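# Coordinates in review
Listed below are the residues making up each chain.
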Amino acid sequence: MRRVDPESTHSAALTHAVAAGARDALRAGEPSSQATPLGDALALTLEAEPMVLAGLRRSVGLWLSFHGVEEQERFDLTLAASEAAANAIEHASGAGEATLTVTCERESALVRISVRDNGRWRDSGPYGRGRGLAIMRALVDSLEIEREESGTTVVLTKQRSAGVA
Amino acid sequence: VIGLSVERLSRVPVARPRGDIDAATAPDLHERLTEQVSNDSPGIVLDLSETRYLDSAGIDMIFRFSERLRQRRAELVLVIPPTSQLIRLAALVGLPRAMPVCASVEEALAVPALARTAREHDTSAPPAR
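Attention here is on the structure that accompanies the text.

Rules used in this analysis
Residues numbered from 1 in each chain as written. Chains lettered and ligands numbered in written order. Predicted model: local features only at pLDDT ≥ 70, side-chain atom pairs only at ≥ 80, totals over all residues. Heavy atoms only, no water. Helix = DSSP H or I, 4+ residues; strand = E, 2+ residues; numbered from the N terminus. Buried < 20%, exposed > 50% of the residue type's maximum accessible area, 1.4 Å probe, protein only. Contact = heavy atoms within 4.5 Å. Areas by Shrake-Rupley, 256 points an atom, 1.4 Å probe, with all protein chains shown as cover. Pairing = 2+ DSSP bridges. Salt bridge = Lys/Arg side-chain N within 4 Å of Asp/Glu carboxyl O. Polar contact = N/O pair within 3.5 Å; in protein donor to acceptor, adjacent residues only side chain to side chain. Nonpolar A, V, L, I, M, F, W, Y, C, P; charged D, E, K, R; others polar. Phe/Tyr/Trp six-rings, centres within 6.5 Å; stacked < 30°, edge-to-face > 60°. Axes fitted to C-alpha atoms, helices over the stretch in contact; angles between N-to-C directions. Parallel < 35°, antiparallel > 145°, perpendicular 65-115°, else oblique. Left-handed = near helix turned anticlockwise from the far one by under 90°. Expected span 1.5 Å × (residues − 1).

### Looking at the overall build of chain B
- Along the backbone of chain B there are six helices and five strands.
- Its helices and strands in sequence order give chain B the pattern β-β-α-β-α-β-α-α-β-α-α, from N to C terminus.
- Here chain B holds 129 residues, and 53% of them are scored as buried.
- Put simply, 69% of the contacts in chain B that link residues at least 6 apart link residues at least 24 apart.
- Approximately 6,300 Å² of chain B is accessible, and the part contributed by carbon and sulfur atoms is 50%.

Structural data, given as structure tokens:
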């Protein structure tokens, strides 16, 4: 049972997002979220620019608090998502109209955030990227990097410790 | 562009960014913080009490800024309130091993590298009556 209409909450989150086309992405749904009701997933499509990071953190933070995720875990997941997006943005440079897609899903006590870009990661990035990966690894339970021809996807998962809704 | 308020106590600027320090805001903030440290300044206090998120670009900026100041014999002192989520992050990346991290501005201004010069400054001034 929900006391809050998921659609209206998503609208609030999306209003804060700087994402163009985020609503379309949400309506279309992601193939990977087949079993989850609409209210349990959030999908954002963002321009690959550092300016979008603050809006991304705000949207992800709102979505997590809507799902009752406690402050410390909310901080960890939000910062990890932001780091993954910053990586994607860095690697998207020079690729024309680069975008990234952030998907947040919840399966009972598990939260999964995927950040997909349409660029290719360089193995030796500029100074500082190693720390970003180390931070992500420390903040979430698992970090997977899937490299494909069409882009790179970072999948972050974290088990919620308490307050399972 | 991130908001930044700067208060000058003795010769020590206390800079408080009003928002997150990330890949978008760190480069500009680095420049503006550097401008705040004059040649005769013993250092600067960076107060993170209004900063919710600090990403790896922001952390790199802080490490680099601290190193640059050390080369000029000046000190970067961080303020992170005990209730801030940034405490755990700072410990994770080793900020407290590289520079003083204090719970309040008062504590930061008492750090020897800053306080010593502040005292020298006080004694060089005419005695107060």
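There's plenty left to go through after this.
### Looking at the sheet that holds strand β4 (residues 75-79) of chain B
All names here are of chain B.
- Reading across the sheet, the five strands line up as β1-β2-β3-β4-β5 and stay open at both edges, with mixed pairing between neighbours. Each of the sheet's edge strands pairs with one partner strand only, and the pair in question is β1 (3-9) and β5 (101-102).
- Bridging between strand β2 (residues 12-18) and strand β3 (residues 43-47) involves two bridges; their strand directions are parallel. Across the sheet, the residue bridging to Ala15 is Leu46, located in β3.

### Quick look at the environment of Glu7(B)
Residue and element names in this part refer to chain B.
- By the element assignment, Glu7 lies in strand β1.
- Remark: the alpha-carbon pair of Glu7 and Pro81, spanning 74 residues in sequence, is separated by 18 Å.
- Apart from the residues within four sequence positions on either side, Glu7 is in contact with Val12, Pro13 and Val14.

### Re the interface of chain A and chain B
- Contact residues are listed per partner, giving 21 residues for chain A and 19 residues for chain B.
- Counting across the interface, chain A meets chain B through four salt bridges.
- In this structure, Arg57(A) and Asp22(B) form a salt bridge, with 2.8 Å as the shortest nitrogen-oxygen distance.
- Across the chain A-chain B interface, the total number found is five residue pairs in polar contact (both at pLDDT 80 or more).
- Breaking the side of chain A that touches chain B down by element, the ones donating at least two residues are α3 (53-66), α4 (71-91) and α5 (129-139) of chain A.
- Top element by residues in the side of chain A that touches chain B is α4(A). It accounts for nine residues.
- When its residues are assigned to classes, the side of chain A that touches chain B shows 10 nonpolar, four polar and seven charged.

### Things to note about the packing of aromatic side chains
- Using the criterion set out here, one finds one aromatic pair over all chains in the structure.
- Considering the side-chain rings of Phe75(A) and Tyr53(B), the 5.2 Å spacing of their centres and the 10° angle between planes classify their relative orientation as stacked. In this pair, Phe75(A) sits in helix α4 while Tyr53(B) sits in the loop between β3 and α2 (56-71), so the two residues belong to two different chains. An identical accessibility class is assigned to Phe75(A) and Tyr53(B); each is buried.

### Considerations on the packing of helix α1 (residues 26-36) of chain B against α2(B)
Residue and element names in this part refer to chain B.
- Packing of α1 against α2 brings their axes to within 10 Å, and their N-to-C directions diverge by 25°. Relative to α2, α1 is oriented roughly parallel. In the packing of α1 onto α2, the handedness of the crossing is right-handed. Residues Ala26, Leu29, His30, Leu33 and Thr34 of α1 lie in contact with α2, whose contacting residues are Ala57, Gly58, Met61, Arg64, Phe65 and Arg68.

### A closer look at α3(A)
- In this model α3(A) runs 20 Å from its N-terminal to its C-terminal C-alpha over 14 residues, within 8% of the 20 Å that 1.5 Å per residue would give.
- Looking at the residues trailing α3(A), positive phi occurs at Gly68(A), about 75°.

### Overview of the side chain of Asp22(B)
- One can find Asp22(B) in the loop between β2 and α1.
- Residue classification places Asp22(B) among the buried positions, given a relative accessible area of 3%.
- Engagement of the side chain of Asp22(B) in a polar contact is seen with the side chain of Arg57(A), the distance being 2.8 Å.
- Excluding anything up to four places from it in sequence, Asp22(B) contacts Leu53(A), Ala54(A), Arg57(A), Pro27(B), Asp55(B) and Ala57(B).

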